Amino acid sequence: MILRVVLLATCLSIFPITGKAANNLGILGARPKWSVLESYQETVTHDEFAHLIYDVYCTHGFAPDLIEVNTDTARILTNRESQNFFTLRFAKDDTSRNPVPRLWDPARSLPPAKGHKPLSGLRIALDPGHLGGEWAKMEERWFQVDSTQPVQEGDLTLKVARLLAPRLRELGAKVFFVRNSNEPVTAKRPDDLVRWQSEILFYRYSEIRRRAALVNFKLHPDLVLCLHFNAEGWGDPNNPTLTDINHLHLLVNGSYLQEELEFDDERFEMIRRLLSRAYDEELPLADTIAGTMARQTQLPPYQYPTTNSTTKVGTSGYVYARNLLATRLYRCPVVYCEPYVMNSKDGFARIQAGDYEGTRNINGLERKSIFREYAESVTDGLVEYYSKVRGL
Ligand SMILES: [Zn+2]
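Everything quoted here is computed from the prediction, not taken from an experiment. Each chain carries its own residue numbering, running from 1 in the direction its sequence is written. Per-residue local features are limited, in this predicted model, to residues with pLDDT of at least 70; the limit for side-chain atom pairs, both in listing and counting, is 80 or more; totals at the level of whole chains, interfaces and linings are taken over all residues. Only hydrogens and water are set aside; all other atoms, that is, all heavy atoms of the structure, feed into the side-chain values.

Caption draft 1: Up close: the sheet that holds strand S2 (residues 73-79). A pair of strands is labelled paired if DSSP reports no fewer than 2 bridges between them. Counting from the N terminus, the helices are the DSSP runs of H or I reaching at least four residues and the strands are the DSSP runs of E reaching at least two. The strand order S1-S2-S3 describes an open sheet built from three strands, whose pairing is antiparallel. Only two strands of the sheet have a single partner each, and these edge strands are strand S1 (67-69) and strand S3 (84-89). Here the strands of the sheet are splayed against their neighbours by 20° on average, with no regard to which way each runs. Pairing of S1 with S2, which is carried by three bridges, proceeds in the antiparallel orientation. Across the sheet, the residue bridging to Val69 is Ala74, located in S2. Between N-to-C directions, angles cover 0 to 180 degrees, with each direction set by a line fitted to C-alpha atoms, over the stretch in contact for helices.

Caption draft 2: Representation of the environment of Val56. Considering the arrangement of structural elements, one finds Val56 in helix H1 (residues 46-57). Three exposure classes are used, based on accessible area relative to the maximum for each residue type with a 1.4 Å probe and protein chains only: buried under 20%, partly exposed in between, and exposed over 50%. Residue Val56 is classed as buried on the basis of its relative accessible area, which comes to 1%. Each C-alpha atom of the pair Val56 and Lys312 lies 9.1 Å from the other, and the pair is 256 residues apart in sequence.

Caption draft 3: A look at unusual backbone geometry. The residue Glu42 is not glycine, and still its phi comes out positive at about 55°. By the secondary structure assignment, Glu42 is in the segment before H1. Taking relative accessible area as the criterion, Glu42 reaches 28% and is therefore assigned partly exposed. With a phi angle near 45°, His220 is a residue other than glycine that sits in the positive phi range. Tracing the chain through its elements places His220 in the loop between helix H3 (198-219) and strand S8 (223-227). Looking at His220, the relative accessible area reads 28%, which means it is partly exposed.

Caption draft 4: Quick look at the nonpolar core. Residues belong to a common nonpolar core when they are buried Ala, Val, Leu, Ile, Met, Phe, Trp, Tyr or Cys residues joined through side-chain atoms within 4.5 Å. In terms of nonpolar packing, the biggest core is built from 84 residues, with Phe49, Leu225 and Leu382 touching the most fellow members. In this view, Leu225 contacts Ile124, Ala125, Leu126, Asp127, Leu164, Ile289, Val335, Val378 and Leu382; residues no more than four positions away in its chain are not counted. Contacts between residues were defined by any pair of non-hydrogen atoms, one from each residue, lying within 4.5 Å.

Caption draft 5: Structural context of the environment of Asp265. Topologically, Asp265 is positioned in helix H5 (residues 264-276). Here Asp265 is in contact with Asn24, Leu25, Gly26, Gly29, Ala30, Pro32 and Arg209, once residues within four sequence places are set aside.

Caption draft 6: Local environment of the pattern of salt bridges. Whenever Lys or Arg places a side-chain nitrogen within 4 Å of a carboxyl oxygen from Asp or Glu, that contact is recorded as a salt bridge. Counted under the stated rule, the structure contains 23 salt bridges. We note a salt bridge from Glu262 to Arg80, for which the minimum N-O separation is 2.7 Å. Here the residue Glu262 occupies a position in helix H4 (residues 258-262), and Arg80 occupies one in the loop between S2 and S3, the gap between them amounting to 182 residues. Residue classification places Glu262 among the partly exposed residues on the basis of a relative accessible area of 24%. Given a relative accessible area of 35%, Arg80 falls into the partly exposed group. Residue Arg211 is joined to Glu207 by a salt bridge in which the shortest nitrogen-to-oxygen separation is 2.8 Å. Here Glu207 and Arg211 lie together in helix H3, a separation of four residues that amounts to about one turn. In this structure, Arg211 and Glu207 share a single accessibility class: buried.

Caption draft 7: Spotlight on the pairing of strand S14 (residues 365-368). Across four bridges, the pairing between strand S13 (residues 359-362) and S14 is antiparallel. Residue Arg360 lies in a different strand from S14, and its bridge partner there is Arg367. Taking the residues between adjacent antiparallel strands as the criterion, S13 and S14 are bridged by two residues, where Asn363 takes a positive phi near 50°.

Caption draft 8: Representation of the sheet that holds strand S7 (residues 174-177). One open sheet holds the seven strands; their spatial order is S7-S4-S8-S12-S9-S11-S10, and the pairing between them is mixed. Since the sheet does not close on itself, it has two edges, and those belong to S7 and strand S10 (310-312), each with one partner. Put simply, the sheet's adjacent strands are angled 25° from each other on average, direction ignored. By the bridge criterion, four bridges tie S8 to strand S12 (residues 334-339) in an arrangement that is parallel. Within the sheet, the bridge partner assigned to Leu227 lies in S12 and is Cys337. Set on the sheet, helix H9 (residues 370-389) makes contact with strand S4 (123-128), S8 and S12; between it and S8 the angle comes to about 155°.

As structure tokens, then:
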């Protein structure tokens, strides 16, 4: 579940500004290191770059001075105040392209699969969304119907991750947890940060940036799976609305808003991500996982009420590009799963039923536990994708 938070621009002034031409940074944003983009020179053709800019990452447009796509080069604004630019040279064609520098392996470059295990050699980091536990109320991922077990998204996602890990290891993957308890990864606590909006800064920004540091500097996975449950507006968490609406969708990074591209760090991270070619891997993977999840969950694709922040991509009908902090900051392919509406009548009944083996009758249908169905349908998608690409 994703909530969009509007933070006031004045909030930025609390962070120190250094250098003559100040960077225009997002919340807790890191100063971009534009020079690292030098290693991506001549790794992408004009047509590939233009496609990724216009169809994936910048589908909502941008100020004309931010990115200029020319025949042989692209010019990217690094600092408006000092009028500095980074110039990217395109590869002439597919054959003369330089190799893309990256710390993760695409499926086709993994070492040969051992013992016909389709995930052998693959490093997967599991990122169970949110915190759960005592933090669930603060992060607004908590509701309770009468005196039933409270529904806390952070606990549900961790349960799925713990069911998923042994299945993936069995298939040969090396599996890491970005979070494996209901305690935050960040050492910061709300009291340490600015008082107003400190809770949001804590659980939404500080926590995710800390997780990104773990992924990018320590785990170096080939893939991150972000595990979430979705929800429809439930109103009063102590007297929540249950709905007949239930659905599934998956997210990959893209679809940056014009105002997001104005931030130097977000624009830099977008370009770095584009050049890493993570999209080439995460889109077909997300489409494949969407297929196996749709088959097993029988859920229809979620339709966003507006196209203001998302862009439908791929062929399954279930995958959207969206610029979330997690999908942007993890420097490898990221597939972000959003199945099940927790406050749907069906989802709620299945969550209350807990985890169990086999099937049980829920609202008149024989169903697997919602947690196993989630873990197994994701596993099936990974097996289908990696078996196909690795020719197993
Ligand atoms: Zn969520």
